[in-house]
Amino acid sequence: MKKQTKSGEQAKVPHKISFITFLQSVYLTVTYSLSNDILSYASSCAFGFLFSLIPTVMMVLVILMQIFHASPDILFAFLERYEFFIDFFSTENLRTSISQLSGFGIFEFVIAIAIIMMARRFFSSVNKGLNAIFKEAVQPQPIVRQILIFAGEAVIIIIISIFVATVGLLRAVMRMPYFEPFLSQFSELILALTERLTTTLPNVLIFIASMVCYKVWSRTKPSWFICALASAACTFIFWAFTKLTGLFINMTNMNIVYGVLSNAIVLLLEVHVFFMLLLFFGQYIFVFQFFDTLLLAELYTLPSYEDTKISSSVRRALLIRPDYLLQNEKSRTVFERGDRIFSAGDTGRDLFYIVRGTVQIQGKTRIVYQEAGSFFGEEACILGENRTSTATAATEVLIVKISEETFLSLLEKNPEASTRALSKVSSYFAKFYGRTSEYQI
């Protein structure tokens, strides 16, 4: 007699988010990251960032000058808080050039278009990297969608411009005579808060930008919570990496030998690591959203026990227990020894995964036994016919039922699973109806 849960079975069912599930999600993330070649996309994003950074900064400054008519001293007082700008170009020359702008003519228009295209190159690299991750889950976007993305990128630049201008204006206001008594009284506190804001602001901006990037550019509608969680992990690991880089790399000595080139090398390394992290956690969001389908695909393509390679053994040991799938009480079933799972002639077309125990499959001429980690019953699903064999629990068995719709969808999206399914159907008919010694059990 089959049972949804037997006595004491409920206590044995692991939590949905167990340690095994976490390890499986990390394994899937690493596997899909390598197959999607996120290292190459991270390199493309890093070079696109370096080529787009200075033009984008110039465009932001020009926007600020035109909109707010602000003094360059206010804006550059904010930028010069970060050593990067001082290391790579003369802020004094840039200040002089921007202050000499008198209007917006044809030359300025051409320069603006060139700057926008260079910045667009960077956004395009990030977009392609995320598309490589989520390509199986989203449909190609129409041109209207591309126009909206382009408009969104322009909005990002405008928001950054407003933010920088706001900070600069606040600094200017705080320098007014009216605030001098207050500033002199709390100068040390204000200085400490300013330093803290200066060091924290880039990480805050990275966190916000990454979170919005995951939410918008993935186009699979992940929750804000998982986007914030992935963004926080990306930001924290990147911050820790930059701190370790500062401990082990002496930029003073490198600047003496290599000059500005040393800053470019270190910056390129840090930016490359950041985009690796950005795409890696984007891949984790994809795995999180479609974990049940991805886990099912991995289970169906698990190496057989005859495959004794270390990599196959590790993969089998890690993935063979599907804690996540066991949470669905409607699909989880326990059979006692001797219970009939299905009989020849039945119309059911679901298939089953053995979590624990042994199942006997009896055909017209032969009997085979399936152990834990194996699927059975997919022949009726693939062929669209009634059952041609009988499945019986040889021991106490815990199985997970997979619906016909879920399995056929898996075969559509996963070529490896399709190949395995066709191979198993061919082997099935050879075992139960063939006579050649090649398929002896």
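Quick note: structure is the one above.
Computed from a predicted model, the values in this text were never measured in an experiment. (Residues numbered from 1 in each chain as written. Predicted model: local features only at pLDDT ≥ 70, side-chain atom pairs only at ≥ 80, totals over all residues. Heavy atoms only, no water.)

Caption draft 1: Examining the pattern of salt bridges more closely. Under the defined criterion, the tally for this structure stands at four salt bridges. Ionic pairing is found between aspartate 350 and lysine 401, a salt bridge with its closest N-O pair at 4.0 Å. With aspartate 350 in the loop between strand S3 (340-342) and strand S4 (351-356) and lysine 401 in strand S9 (residues 397-402), this residue pair connects regions lying 51 residues apart in the sequence. We classify lysine 401 as partly exposed; its relative accessible area is 36%. The salt bridge partner of glutamate 396 is arginine 356, with a shortest N-O separation of 3.6 Å. With glutamate 396 in the loop between strand S8 (390-393) and S9 and arginine 356 in strand S4, this pair connects stretches of sequence that are 40 residues apart. Judged by its relative accessible area of 30%, arginine 356 falls in the partly exposed class. (Salt bridge = Lys/Arg side-chain N within 4 Å of Asp/Glu carboxyl O. Helix = DSSP H or I, 4+ residues; strand = E, 2+ residues; numbered from the N terminus. Buried < 20%, exposed > 50% of the residue type's maximum accessible area, 1.4 Å probe, protein only.)

Caption draft 2: Just helix H15 (residues 310-319), in detail. All of the buried residues in H15 are Ser312, Arg315, Arg316, Leu318 and Leu319. Buried residues in H15, looked at end-on, bunch into an arc of 165°, giving them a common side. Exposed and oriented more than 90 degrees from the buried face of H15 are Ile310, Val314 and Ala317. (Arc of directions from axis to C-beta.)

Caption draft 3: Spatial organisation of the sheet that holds S3. With respect to topology, four strands assemble into an open sheet ordered S3-S8-S5-S6, the strand pairing being antiparallel. Pairing within the sheet leaves two strands with one partner each, and these edge strands are S3 and strand S6 (367-370). Neighbouring strand axes in the sheet, compared pairwise and without regard to direction, differ in orientation by 30° on average. Bridge count for strand S5 (residues 359-362) against S8 is four bridges, and the pairing is antiparallel. Pairing of isoleucine 361 across the sheet is with alanine 391, part of S8. (Pairing = 2+ DSSP bridges. Axes fitted to C-alpha atoms, helices over the stretch in contact; angles between N-to-C directions.)

Caption draft 4: The side chain of glutamine 24, seen in detail. Structurally, the position occupied by glutamine 24 is in helix H2 (residues 19-35). Within the local environment of glutamine 24, its side chain forms a polar contact with the backbone oxygen of leucine 318, the two atoms lying 3.1 Å apart. Separated by 2.9 Å, the side chain of glutamine 24 and the backbone oxygen of arginine 321 make a polar contact. What glutamine 24 contacts, discounting residues up to four positions off in sequence, is Phe291, Leu295, Leu318, Leu319 and Arg321. (Polar contact = N/O pair within 3.5 Å; in protein donor to acceptor, adjacent residues only side chain to side chain. Contact = heavy atoms within 4.5 Å.)

Caption draft 5: Molecular detail of the environment of lysine 413. Turning to its location among the elements, lysine 413 is positioned in helix H17 (residues 404-413). Along the backbone, lysine 413 and alanine 297 are 116 residues apart, and their C-alpha atoms lie at a distance of 9.5 Å.

Caption draft 6: View of the packing of aromatic side chains. As enumerated under the stated definition, the model contains 14 aromatic pairs in all. Centroid distance phenylalanine 352 to phenylalanine 376: 5.3 Å. Interplanar angle 25°. Geometry classified as stacked. Taken together, the residues span a long stretch of sequence, with phenylalanine 352 in strand S4 and phenylalanine 376 in strand S7 (residues 375-376) at a distance of 24 residues. In terms of burial, phenylalanine 352 and phenylalanine 376 fall into one category: buried. (Phe/Tyr/Trp six-rings, centres within 6.5 Å; stacked < 30°, edge-to-face > 60°.)

Caption draft 7: Examining the pairing of S9 more closely. Counting buried positions over the six residues of S9 gives five, a clear majority of the element. Pairing analysis gives four bridges linking strand S2 (residues 332-335) to S9, with the strands arranged antiparallel. Bridge pairing in S9 places phenylalanine 335 opposite valine 397. Note: S4 against S9, five bridges, orientation antiparallel. Looking at the pairing, tyrosine 353 lines up with valine 400 of S9.

Caption draft 8: Region of interest: unusual backbone geometry. We note that aspartate 37 has phi near 55°; this positive angle belongs to a residue other than glycine. By the element assignment, aspartate 37 lies in the loop between H2 and helix H3 (38-68). Here aspartate 37 falls in the partly exposed class, since its relative accessible area comes to 38%. Even without a glycine there, the phi angle at lysine 221 is positive, about 60°.

Caption draft 9: Quick look at a nonpolar patch on the surface. Taken together, Val204, Ile208, Val212, Val216 and Trp224 make up a surface patch of nonpolar side chains, about 420 Å² in accessible area. For the nonpolar patch, the element with the most residues is helix H10 (residues 187-217), which contributes four residues. Its place among the elements puts valine 216 in helix H10. (Patch = residues over 30% accessible without salt bridge, like charges linked within 9 Å, V, L, I, M, F, W, Y side chains within 5 Å. Areas by Shrake-Rupley, 256 points an atom, 1.4 Å probe, with all protein chains shown as cover.)

Caption draft 10: Expanded view of the state of the cysteines. Applying the stated criterion to the full structure yields zero disulfides. Of the cysteine sulfurs around cysteine 45, a residue in no disulfide, the closest is that of cysteine 213, at 8.7 Å. Since its relative accessible area comes to 9%, cysteine 213 is described here as buried. (Disulfide = S-S within 2.5 Å.)

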